[in-house]
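Descriptive structure summary
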Amino acid sequence: MSDIIFEERKDQIHVKGEGPFKLACNRDSLAGAVSQRACVFCGSRVVLYPIADALHLVHGPIGCAAYTWDIRGALSSGPELHRLSFSTDLQETDVIFGGEKKLYAALTELIDRHQPKAAFVYSTCIVGIIGDDLAAVCKKVSAEKGIPVIPVQSEGFKGNKREGYLAACKAMFTLMGTGDTSDISPISLNILGDFNLAGEIWIIREYFERMGIQVVANITGDGRVGDIARAHGAALNVVQCSGSTMDLAKMMKDAYGTPVVKVSYFGIEDMAEALYAVARFFKDKDPDMLARTQALVKEELAVLYPKLSQFRKDLEGKKAAIYVGGAFKAFSLIKAFRHLGMSVAIAGSQTGTPEDYEELASICDPGTIIIDDANPLELSHYLKEKDVDIFVGGVKERPIAFKLGVGFCDHNHERKEALEGFVGMYNFALEVHRTVMSPVWRFVPRRAGKALAESLDDLPKECAL
Amino acid sequence: MSSQSDIADATAVLDAEAGPLKPKPEPFVSTTNACKLCKPLGATLVFKGIEGGVPYLHGSQGCATYMRRYIISHFREPMDIASSSLGEKQAIYGGGPNLKKGLLTVMDKYGAGMIGVATTCLTETIGDDVPGILMEFRREFADLGVAPVVNVSTPSYSGTHMEGFTAAVRAVADQLATADAKTAAVNCFPGFVSCEDIRHLKDVFASFGLTATILPDYSETLDGPAVEDYEKIPSGGTPVKAIKAMGAAPATFEFGRTLSEPGEAATAGGLLASRFGVPLKRLGLPIGLRETDAFFKSLESVSCKPTPRRRALERGRLLDAFVDGHKYVSQKRCVIYGEEDLIVGLTSFMAEIGVIPVLVAGGGRSGRLEKAVRAACEGLVPEMPEVAEGVDFYDIADRARELAPDFFLGHSKGYRLAREMNVPLVRVGFPIHDRFGGQRLRHLCYQGAQELLDRVVNAMIETKQTGSDIGYGYI
């Protein structure tokens, strides 16, 4: 391997087919290695953020709140409280004397001002260090204001994003069991692990409703406190993005016996299988559901397939790279690229588990680079080595691709295009096609080499002087 | 029945509520939609502007990642920030070992020519002694010939990203500059300006026959060319060698009207003046006519050359455009917000062209904003703008709705307010992440003023055009 690879990270990179599959993961990021990962706070914030009628107060210095202000494309069909950035903006004196008083004052002021249905209070690194008793303040304000005020224990240094997901799940779980469930149908479900980026959850809800299912709670895209409070009344939990909300599903299973199916809404097979899995679950209660679901899928595919085959003509044989937050999304993306006639040469994630990577390795082609917790040096090295046509990742990966003259598709929580469902597969294919087929790649140094002379020796032969 | 004093108290409260925007009373309660960012972010930008420089945050992983993505959204360039990636254990036992290991990793894999270490709220609070750890590090690895490491204390629970920026510039000068080398290059500390501004400044200095050591210079590192191989550290940046010679420079130009008082060593320019006797030219950001004139006068005196004809023509064209454009903008009311030095410059410029700045607001708390704004507006506007320090967008929005400006002048974060009020937002400064090319916007000198003027005038023309029932195609 190249000198780009850090000695300490060698076992976090695997080339499919070169020896038995073994990949180290779930490890702390290497100091100084410019990891693409974020922190515990980030994990909690991304999961809870789309609950639109709750107040999200970041207890910490200004940066943590400022950098997460309205960056996601998580849409709401009603209130938009989630799009504001609230912070206690801790100052030096608060650090010395404690921030509890300020937190209390901030919560009281903001709840009076915005009348939210609940408040989430996120702790940041510094709050963990100075030891503010978040729970006590939240309890006091909750009693005074008569709404749930929930501490989210998300001190940034306590691990990586996964710990933040768990903290978010714990926080949501405290809401559950409090709402009225009397009008919930026996054929009902909660959508977990979807964040309604560009309205995606509305696409998925519509499918379920066409199948004859009541959707009780969106967790958390277009989310509402009241829906989450009665989510325990639903017959089934459908979990996408399992890394972020599987913990919540487990808690609900233990406490309320709610069964779980794990799905993905990306790509054709996974989207269809998501609907079929749900239909199978309800087949005893509603014997016609499976037929209705098949009709739905058929109808959607009849529209989608002809369009995809148009794209495929151009994209056949092109190569892609994938680097995403959770590994689960990578499976769907690999299959989606295959529908476009494309292969995947690099597949990686920030926070994959051993099981994720096993599965990833099993569906990858030989020669594919599988990588955990990568950094710009490694990513750029493999992008170049594999000479890919498009890289799928998040906002921090984009400039790496663009700088090297490689196409890019944004597939993280900041995107503003709906990529889920059958229509999402079309949007994805359209974006991949537009990107890969752009003429600009012909002119970038990667393909065209140097355009101008760098020394006298390089001057054109006809140079007269 | 209410007593007289009760009524007076109630009236005072009402007055206070309805009156001009004042800084929140201390201790203020909460911030909604901040008009500032945290201190370490400013420091990372400075370190990115040094040749071979790698910014390094001593803290937990999230800080580096968040700041990277925030900066990337504006510059659309890679922004590698290394981190100590501190976890729970280090938070308890101290982050020293991680810092040392991280530095070695960066030197080894990135081949860093300089590493700039900024602290975060975490490491400031657990009390890591960064200068001490660095001293140990240099001792332990002396045989490796380690790259220079500069450190700056940037606790994010005090001040703004601009204070982090200024502190990092000062730290670089403090820890690297000497008076040993001979140099003819003048120093320039421009503050947080765009990549295009830095390139333009170099041209301006060159047209007076001057070489300038501009610190920081991210004009290439954060706005570089397409490349064949990923550059671990992009080319460009202020050369460390030039920084080392800053103590022997014939003069320093330092921009900023809300920095510390001249003569104090709280800024890089002040420090070089007091330590090495480098003459300091403290000026406002050269935005608009008068501040640029002041800069050019200063350039004439340092270079002993008259303003070159090319620049004089730029000035003449700008004045010509002042006249051509005045009817479109005269007595239009605008709200200006953002970083303090930038908004002082913008206010000065708007006042010159007859725009009435009705509110000038920033998230910083230098205590010097109001005086600087007053000085910029003196004699040009019918009444002084309201000036607000330490405010957020909740406050700005509240006041702007009452003041009903014709347009906003500031960064992207004012967009929702401008949209709600259905008036144009002319985007300047940082961050601009809802438009293309923010890093290539020019704000400085006659040309920057020209381009900004064109944009403001066109915003007014467009508003009139789209708002008319006729659809004038000739306006």
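Bringing the pattern of salt bridges into the picture now. According to the stated counting rule, one finds 54 salt bridges over all chains in the structure shown. Among the salt bridges present, the one from Glu200(A) reaches Arg415(A), with a minimum N-O distance of 2.5 Å. With Glu200(A) in helix 8 (residues 200-210) and Arg415(A) in the loop between strand 14 (407-410) and helix 17 (421-436), this pair connects stretches of sequence that are 215 residues apart. Judged by relative accessible area, which is 5%, Arg415(A) ranks as buried. Overlapping salt bridges, with partners in common, bring together Glu196(B), Arg199(B), Asp223(B), Arg440(B), Arg442(B) and Glu451(B) in one network.

Residues and elements named next belong to chain B. Per-residue pLDDT for chain B has a mean of 93; in total, 94% of the residues score no lower than 70. Note that pLDDT drops below 50 for residues 1-18; the model gives that stretch three contacts with residues more than four away or on any other chain. Prediction confidence for the complex, expressed as pTM and ipTM, is 0.93 and 0.92 respectively.

This next bit is on the nonpolar core. Nonpolar side chains in soluble globular proteins tend to be buried together. If you look at the biggest cluster of nonpolar residues, it comprises 150 residues, and the most contacted ones within it are Phe120(A), Phe47(B), Phe295(B) and Met350(B). Looking at this core, the element that brings in the most residues is helix 18 (residues 445-467) of chain B, giving 10 residues. Leaving out residues up to four positions away in the same chain, Phe295(B) has contacts with Leu201(B), Val204(B), Phe205(B), Phe253(B), Phe255(B), Leu283(B), Pro286(B) and Cys445(B). One finds Ile201(A), Leu275(A), Met289(A) and Leu315(A) within the second-largest nonpolar core, a separate group that totals 66 residues.

A separate point is the packing of helix 8 of chain A against helix 11 (residues 268-281) of chain A. Residues and elements named next belong to chain A. Remark: helix 8 packs on helix 11, axes separated minimally by 11 Å, with the N-to-C direction vectors making an angle of 40 degrees. When the axis of helix 8 is compared with that of helix 11, the two are oblique. Considering how the two elements wind past one another, helix 8 and helix 11 form a crossing that is right-handed. Contacts from Ile204, Tyr207 and Phe208 in helix 8 reach Met271, Leu275 and Val278 in helix 11.

Okay, helix 12 (residues 289-303) of chain B next. Residues and elements named next belong to chain B. Counted at 1.5 Å a residue, the expected span for helix 12 with its 15 residues is 21 Å, and the 21 Å between its end C-alpha atoms agrees. Buried within helix 12 are the following residues: Leu289, Glu291, Thr292, Asp293, Phe295, Phe296, Ser298, Leu299 and Ser303. Looking at the buried positions of helix 12, the neighbouring elements they touch are helix 9 (195-207), strand 8 (252-255), strand 9 (280-283), helix 13 (309-329), helix 14 (340-352) and helix 18. At the C-terminal side of helix 12, Cys304 shows a positive phi close to 55 degrees.

On to the interface of chain A and chain B. Contacts between the two partners involve 66 residues from chain A, matched on the other side by 61 residues from chain B. With both sides pooled, the region where chain A packs onto chain B buries about 5,800 Å², and carbon together with sulfur makes up 63% of that total. On the chain A side of the contact with chain B, Tyr67(A), Trp69(A) and Lys403(A) bury the most area, a combined 16% of that side's loss. Connecting chain A to chain B are seven salt bridges.

All names here are of chain B. Most of strand 10 (residues 333-337) sits out of view: four of its five residues are buried. Bridging between strand 10 and strand 11 (residues 356-361) involves five bridges; their strand directions are parallel. Note that in strand 11 the partner of Ile336 across the bridge is Val360. With helix 14 bridging strand 10 and its parallel neighbour strand 11, the resulting β-α-β unit is right-handed. Alignment of strand 10 against strand 13 (residues 407-410), held across three bridges, turns out to be parallel. Paired with Ile336 across the bridge in strand 13 is Leu409.

Turning next to the sheet that holds strand 6 (residues 188-194) of chain A. All names here are of chain A. The strand order across the open sheet built from four strands is 7-6-8-9, with neighbouring strands paired in parallel fashion. Two strands lie at the open edges of the sheet, namely strand 7 (214-220) and strand 9 (260-262), each paired on one side alone. Here the average twist between neighbouring strands, direction ignored, is 20 degrees. Inspection of the sheet shows strand 6 paired to strand 7 by five bridges, in the parallel sense. Bridge pairing in strand 7 places Asp194 opposite Thr220.

Here the focus is a nonpolar patch on the surface. Residues Ile470(B), Tyr472(B) and Ile475(B) make up a contiguous nonpolar surface patch of about 300 Å² in total accessible area. Its place among the elements puts Ile470(B) in the segment after helix 18.

To continue, consider unusual backbone geometry. One can expect most non-glycine residues to show negative phi and most peptide bonds to be in trans. Residues Leu215(B) and Pro216(B) are joined by a peptide bond in cis, for which omega reads -5 degrees. Tracing the backbone shows Pro216(B) in the loop between strand 7 (212-214) and helix 10 (240-244). At the junction of Phe430(B) and Pro431(B), the peptide bond is cis and its omega measures out at 0 degrees in the coordinates. Structurally, Pro431(B) is set in the loop between strand 14 (425-427) and helix 18. Despite not being glycine, Asp70(A) has its phi angle at roughly 50 degrees, a positive value. Relative to the elements of secondary structure, Asp70(A) occurs in the loop between helix 2 (62-66) and strand 3 (86-87). For Asp70(A), a relative accessible area of 22% puts it in the partly exposed group.

Residue and element names in this part refer to chain A. A polar atom in the side chain of Arg415 sits 2.5 Å from the side chain of Glu200. A distance of 3.2 Å separates the side chain of Arg415 from the backbone oxygen of Asn412, its partner in a polar contact. Residues contacting Arg415, with those up to four places away along its chain left out, are Gly73, Leu197, Glu200, Phe266 and Asp410.

Let us now look at the sheet that holds strand 7 of chain B. Residues and elements named next belong to chain B. Pairing is parallel in the open sheet, where four strands are placed in the order 7-6-8-9. Looking at the sheet topology across the chains shown, the edges are occupied by strand 7 and strand 9. Each strand of the sheet is rotated relative to its neighbour by a mean of 20 degrees, with strand direction disregarded. Of the strand pairs in this sheet, strand 8 and strand 9 are connected by four bridges, and their pairing is parallel. Opposite Glu254, over in strand 9, you have Arg282 as the bridge partner. Set on the sheet, helix 12 makes contact with strand 6 (186-189), strand 8 and strand 9; between it and strand 9 the angle comes to about 170 degrees.

Conventions used here
- Residues numbered from 1 in each chain as written.
- Chains lettered and ligands numbered in written order.
- Predicted model: local features only at pLDDT ≥ 70, side-chain atom pairs only at ≥ 80, totals over all residues.
- Heavy atoms only, no water.
- Salt bridge = Lys/Arg side-chain N within 4 Å of Asp/Glu carboxyl O.
- Helix = DSSP H or I, 4+ residues; strand = E, 2+ residues; numbered from the N terminus.
- Buried < 20%, exposed > 50% of the residue type's maximum accessible area, 1.4 Å probe, protein only.
- pLDDT = per-residue confidence, 0-100.
- Contact = heavy atoms within 4.5 Å.
- Core = buried A, V, L, I, M, F, W, Y, C linked by side-chain atoms within 4.5 Å.
- Axes fitted to C-alpha atoms, helices over the stretch in contact; angles between N-to-C directions.
- Parallel < 35°, antiparallel > 145°, perpendicular 65-115°, else oblique.
- Left-handed = near helix turned anticlockwise from the far one by under 90°.
- Expected span 1.5 Å × (residues − 1).
- Buried area = accessible area lost by both parts, 1.4 Å probe.
- Pairing = 2+ DSSP bridges.
- Right-handed = clockwise from strand over helix to strand, strands pointing away.
- Patch = residues over 30% accessible without salt bridge, like charges linked within 9 Å, V, L, I, M, F, W, Y side chains within 5 Å.
- Areas by Shrake-Rupley, 256 points an atom, 1.4 Å probe, with all protein chains shown as cover.
- Polar contact = N/O pair within 3.5 Å; in protein donor to acceptor, adjacent residues only side chain to side chain.

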